[in-house]
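# What the coordinates show
Each chain, letter by letter, is given below.
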Amino acid sequence: MGLGVRWTLHGDGRTPAPGAVVRPDERLSWPRTAGLGAQHVVAMFGASFVAPVLMGLDPNLAIMMSGFATMIFLLATRGRIPSYLGCSLSFVGVAAAIRASGGDSATVTGAVFVVGAALFLAGLAVQRFGARIIHAAMPPVVTGAVVMLIGFNLAPVTAATYWPQDQWTALLVMLFTGLAVVCLRGFWSRIAIFLGLLFGYGLSWVLDRVLGKIHSPLGGTEAVDHWRLDLSGVAEADWIGLPSFHAPSFEWSAILVALPVVIALIAENAGHVKAVGEMTGDPLDDKLGTAVAADGAASMLSTALGGPPNTTYSENIGVMAATRVYSTAAYWAAACFALLFGLCPKFGAVVAAVPGAVLGGITVILYGMIGLLGAQIWLNARVDLRNPLNLVPAAAGIIIGVGGVSLKITDNFQLGGIALGTLVVITGYHALRFFAPAHLKGQEPLLDSGTSAYDDGAEVAAEAERDTRP
């Protein structure tokens, strides 16, 4: 079996014929393929820039490792799943929680390394036993609740750290980003976060020139006079050089905070594989386990060197939908571009200089969107929150996760926030399901189920009620 690195030329190599698509094992001419690769890099820029900055990690290393991660993924899936792997935003909340508890970058990457290992093992389990093992352990009500509490747990970071640095800049960036997300179309709408970052960058520079320094808290500290945009690090950075590496360190308290993100990553990968399969017309259910395991292996490599974890990027699915070019050759080109960007420290210094207020405006929308993805999982799976079996564990877990409730186990160990909220959702759902009466169990716990028996019964009853009305 090949590694998926051989492609046949599509047509004349210039443009697809009307109604035709460029399949994963095909390519356009190499110059056009390189151009498409650059477009994929731009599409992933927004999240891949913002995520490592929010996690306190080296953006240069993040970009470089995203290139290696993409290569690993393409080789593991034999070129059948065209995907780019970039820095995962799902870990921003756990990174903030770990740092708030006194952890450093090594503690963050050590905890996330364990998550990557767990994701790798989950992928192997899916390969061996099929996707149903995941669906049974993590039904939609559980997956949606965990994704929601991970996103909303980030709200205090924006409110206490970023927004106070310059509230008016944060507000304007929030408004601009919101308009870009809603009003722009096609490719531009998919890089709306990146455009918001550029707008805030330019706005901060202008305000510094016009109004001078601002007196406000800087990163959660006491109020001081400071420039909104500090470019001193850019001038000192080299044009060519290696990013900064560090070894991970492992602490149980940090690992337990990070482990719940495995659920979000499995859901992301499952949705990504299904979406790509529908777009390419190639059923990819048999590759789900491979995709999950490859994501885990790539994240382990990145975090072992001090970088952030990775996940499949929906932004790049949008590029494929717009261009109808699904060639994995374009993703190899994108990965090579990412490696080159990672070797430019000055580029990383520009990213690291993003003002905190700009991040405040962007994260108000971004964190909320992450949280509401949990609600989208519920809607897609038709989870009935009128059913107390679904409502009770989800409600309790979300409040614990968002509110930062903690449970002290010993003098040196406690569970709280995301970790405790996730534990309550998972164990609470399965425990309540064991004791619940039969009529509450009608909704089959399948992640990708269509209409369940419980929903069918409700619809039939509603239809009968309408028929009997005068």
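Residues numbered from 1 in each chain as written. Predicted model: local features only at pLDDT ≥ 70, side-chain atom pairs only at ≥ 80, totals over all residues. Heavy atoms only, no water.

Quick note on the threshold: UniProt positions are given in the numbering used here, feature names are shortened, and annotations may be inferred rather than shown by experiment.
Per an unreviewed UniProt entry, the chain goes by the name Nitrate reductase and belongs to Streptomyces antimicrobicus. Listed under Sequence similarities (unreviewed entry) in UniProt, the entry text for the chain is "Belongs to the nucleobase:cation symporter-2 (NCS2) (TC 2.A.40) family." UniProt annotates the chain under Subcellular location (unreviewed entry) with the comment "Cell membrane".

## Some details on the packing of aromatic side chains
Two descriptors summarise a pair of aromatic rings, namely the distance from one centre to the other and the angle between the planes of the rings. Defined as follows: When the centres of two rings from Phe, Tyr and Trp lie within 6.5 Å, Trp using its six-membered ring, the rings pair. Their planes under 30 degrees apart give stacked, over 60 give edge-to-face, and anything left gives tilted. Secondary structure elements are taken from DSSP: a helix is a run of H or I of four residues or more, a strand is a run of E of two residues or more, and numbering for both begins at the N terminus.
Across all of its chains, the model carries four aromatic pairs by this definition. Between F113 and F250, the aromatic rings sit 5.9 Å apart at their centres with planes inclined by 70°, giving edge-to-face as the arrangement. Highlighted residues: F113 in helix α4 (residues 105–129) and F250 in the loop between α11 (232–236) and α12 (252–258), separated in sequence by 137 residues. Consider the rings of F176 and F199, whose centres lie 4.3 Å apart with planes at 5°: the pair is stacked.

## Details of the packing of helix α3 (residues 92–100) against α4
Rules: Between N-to-C directions, angles span 0 to 180 degrees; the directions come from axes that are lines fitted to C-alpha atoms, helices contributing only their stretch in contact. We call two directions roughly parallel when the angle between them is under 35 degrees, roughly antiparallel when it is over 145, roughly perpendicular when it lies between 65 and 115, and oblique otherwise. Helix crossings get a hand from a simple test, with the near helix turned counterclockwise from the far one by less than a right angle marking a left-handed crossing and a clockwise turn marking a right-handed one. The criterion used for residue contact is that any of the two residues' heavy atoms lie within 4.5 Å. Residue type decides the class: Asp, Glu, Lys and Arg count as charged, Ala, Val, Leu, Ile, Met, Phe, Trp, Tyr, Cys and Pro as nonpolar, and the leftover types, Gly among them, as polar.
Contact geometry for α3 and α4: axes closest at 9 Å, N-to-C directions at 135°. The angle between α3 and α4 places the two elements in the oblique class. Crossing of α3 against α4: the hand is right-handed. In this structure, α3 uses A95, I98 and R99 to contact α4, whose residues at the interface are S105, T107, V108 and A111. When grouped by side-chain class, the residues that make up the contact of α3 with α4 number four nonpolar, two polar and one charged.

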